[in-house]
Amino acid sequence: MIAVQSNGRNLAALTDRSAELRVDGSARRGDGWQVYSLPDNLVVGDTDGALPRLVKESDAPVVAAYVADSDYGQLAGLSPVHGQWETWLDANTARRFERDYLVMKGMSKADADRQAQQMIAGFGLPPAEAAKRATQWAREAGYAVPAGPIRQVLASRRPPGASALLRLPWKRYVFAEEMFFALLDNLGLPRVVND
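Residues numbered from 1 in each chain as written. Predicted model: local features only at pLDDT ≥ 70, side-chain atom pairs only at ≥ 80, totals over all residues. Heavy atoms only, no water.

> An account of the overall build of the protein chain is requested, with residue identities and associated values reported.
Each helix and strand counted, the protein chain has 8 helices and 6 strands in total. Along the protein chain, helices (α) and strands (β) appear in the sequence β-α-β-β-α-β-β-β-α-α-α-α-α-α when read from the amino end. Sorting the 195 residues of the protein chain into buried and exposed places 44% on the buried side. Considering only contacts in the protein chain between residues 6 or more positions apart, those separated by 24 or more positions represent 63%. Put simply, the protein chain shows about 10,100 Å² of open surface, and 52% of that area lies on carbon and sulfur atoms. (Helix = DSSP H or I, 4+ residues; strand = E, 2+ residues; numbered from the N terminus. Buried < 20%, exposed > 50% of the residue type's maximum accessible area, 1.4 Å probe, protein only. Contact = heavy atoms within 4.5 Å. Areas by Shrake-Rupley, 256 points an atom, 1.4 Å probe, with all protein chains shown as cover.)

This is how it looks when you write it as structure tokens:
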């Protein structure tokens, strides 16, 4: 998922991927912002530099997330002046998924947990630091926002295990896509109400 201030223009960095690109119409934003969906991981696997090209082409900040099956995500914000920052959307769930995957492949639970924790620590900033960088990103995009609500979104996580079953079905999970759109709200990107 990518949020970019395209102002209705076709940006070359995205049209290169037109076969994969999908405009997310349910997530329309004001002030010329548009949300796109792509199947590729441009946050970590951006081998052709699409995100920096988008920043240069739009002359505006860009925020992108790679969402893994709605469970967790890797997030990157880029801007012309303040550069790039990265963090997790629900690092705890990402750690558990990686740990369980490694256990399934035959690794001991203790070793898998240690390796999964290293994976989490090796990517991005903790929520409090990422929230500070996100407020700089928002200022560069023209929005003055507090860090607290952003930190809260970045620190939120799915309730683990059996405790989740005690919640009402529609409150059991926080999907990574919901976290991304909540982040966009807290970065100041105005929503467009459908007519």
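Picking up where we left off.
> Before we move on, can you summarise the side chain of Q74 with the specific residues and values?
Residue placement: Q74 occurs in strand β5 (residues 72–79). The exposure class of Q74 is buried, given its relative accessible area of 13%. Once you skip the residues sitting within four places of it in the chain, Q74 turns out to touch N41, V43, V44, A64, A65, Y66, T87, W88 and F123.

> Talk me through the packing of helix α3 (residues 91–104) against helix α4 (residues 109–121); I want residue IDs and the actual numbers.
Helices that pack against each other are described as a pair by the angle of their axes relative to one another and the distance between those axes. Contact geometry of α3 with α4 gives a least axis separation of 8 Å together with a crossing angle of 140°. The angle between the axes of α3 and α4 places the two elements in the oblique class. With respect to the hand of their crossing, α3 and α4 are arranged in right-handed fashion. Contacts from A91, A94, R95, E98, R99, L102 and V103 in α3 reach K109, A112, D113, Q115, A116, Q117, M119 and I120 in α4. A class-by-class count of the residues in the contact of α3 with α4 yields 8 nonpolar, 2 polar and 5 charged. (Axes fitted to C-alpha atoms, helices over the stretch in contact; angles between N-to-C directions. Parallel < 35°, antiparallel > 145°, perpendicular 65-115°, else oblique. Left-handed = near helix turned anticlockwise from the far one by under 90°. Nonpolar A, V, L, I, M, F, W, Y, C, P; charged D, E, K, R; others polar.)

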